[in-house]
Amino acid sequence: MAVANTQQKVEIAVPGTVDSVFDAVMSVVNGGKYKSIEPQPLLKMVSFRSGASMMTWGQRWMVQVVRGADGQANVTATVTPRNGGQQLDAARIAKIANEFYQNVATTVTAES
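Only a predicted model underlies this, so the values are computations on that prediction, with no experimental measurement involved. Residue positions are given per chain, counting from 1 as you read along its sequence in written order. Residues qualify for local features only when their pLDDT is at least 70, as the model is predicted, and side-chain atom pairs are given and counted only at 80 or more; totals for whole chains, interfaces and linings, by contrast, use all residues. Excluded from the side-chain calculations are hydrogens and water; all other atoms, namely the structure's heavy atoms, are used.

(A) How the structure looks around the pattern of salt bridges. Put simply, a salt bridge is a Lys or Arg side-chain nitrogen that is within 4 Å of an Asp or Glu carboxyl oxygen. What the rule picks out here adds up to one salt bridge. Here Lys44 and Asp19 are joined by a salt bridge, their closest N and O atoms 2.9 Å apart. In this pair, Lys44 sits in the loop between β2 (34-40) and β3 (45-50) while Asp19 sits in helix α1 (residues 18-31), placing the two residues 25 residues apart along the sequence. Each residue's exposure class comes from its accessible area (1.4 Å probe, protein chains only) as a fraction of the maximum for that residue type: buried when under 20%, exposed when over 50%, partly exposed otherwise. Residue classification places Asp19 among the partly exposed positions, given a relative accessible area of 44%. Here a strand is any run of E in DSSP of at least two residues, a helix any run of H or I of at least four, and the numbering for each starts at the N terminus.

Right, here's the structure in full:
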């Protein structure tokens with residue numbers, strides 16, 4: 001049986017400067033249930049992992065904020081299951097990535 005690679009890359013545009021959006025990303029990460037947080041401020045990038053739960057071994061995240069062609073800050077998250085092949089993780093990753101982006105957007109709006 002072949003094991004699918006369920007890595008997902010999700011990108012959204014967030015109103016604000018790259019610096020303010022990266023600050024919001026760091027605020028969400030530092031305030032969440034994330035572990036092994038490794039920020040790289042010069043690259044506007046952070047990597048971290050989410051913990052295991054009853055349904056999953058957790059995920060590895062790499063999030064970067066860059067300026068898009070339209071001038072807005074773009075947040076790109078690459079999320080990979082920690083065990084490399086959980087079939088059910090695709091839907092879970094989509095759900096937690098959406099929650100992460102909602103938290104970032106709310107934080108940027110609150111800080112504006």
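(B) Examining the nonpolar core more closely. In this structure, Val21, Val25, Trp61, Val63, Val75, Phe100 and Val104 are the most contacted members of the largest nonpolar core, which totals 24 residues. For this core, the secondary structure elements donating two or more residues are α1, β3, β4 (59-67), β5 (73-81) and α2 (89-111). In this description, contact between two residues means that some pair of their heavy atoms is separated by no more than 4.5 Å. In this structure Val21 touches Val14, Pro15, Gly16, Val65, Ala73, Val75, Val104 and Val108, once residues within four positions along its chain are discounted. Put simply, a nonpolar core is a bunch of buried Ala, Val, Leu, Ile, Met, Phe, Trp, Tyr and Cys residues held in one set by side-chain atoms that sit within 4.5 Å of each other.

(C) Inspection of the environment of Val79 at higher detail. Tracing the backbone shows Val79 in strand β5. Judged by relative accessible area, Val79 falls into the buried class, the value being 0%. Separated by 32 residues in sequence, Val79 and Ser47 place their C-alpha atoms 9.8 Å apart.

(D) Representation of the pairing of β4 within the structure. Strand pairing requires that DSSP identify at least two bridges connecting the strands. Pairing between β3 and β4: five bridges, direction antiparallel. The residue of β4 that forms the bridge with Met45 is Gln64. Sheet topology note: the β4/β5 ladder contains nine bridges and is antiparallel. Bridge pairing in β5 links Arg60 to Thr80.

(E) Looking closely at the sheet that holds β5. The antiparallel open sheet is built from five strands, whose spatial order is β1-β5-β4-β3-β2. Of all strands in the sheet, those with a lone pairing partner are β1 (8-14) and β2, marking the two edges. Each strand of the sheet is rotated relative to its neighbour by a mean of 15°, with strand direction disregarded. Against the sheet, α1 engages β1, β2, β3, β4 and β5, with an angle of about 160° to β4. Only the contacting stretch of a helix is used when fitting its axis, a line to C-alpha atoms as for every element, and angles between N-to-C directions run 0 to 180 degrees.

(F) Summary view of the confidence of the model for the chain. Each residue carries a pLDDT value, the predictor's own confidence for that position, ranging from 0 to 100. The share of residues in the chain with pLDDT of 70 or more is 83%, and the mean pLDDT across the chain is 83. At the low end of the mean pLDDT range in the chain sits α2, at 79; at the high end sits α1, at 95.

(G) Spotlight on unusual backbone geometry. For Ser36, which is not glycine, the phi dihedral falls at a positive 50°. With respect to the secondary-structure elements, Ser36 resides in strand β2. The exposure class assigned to Ser36 is partly exposed, which follows from its relative accessible area of 43%. The residue Lys44 is not glycine, and still its phi comes out positive at about 55°.

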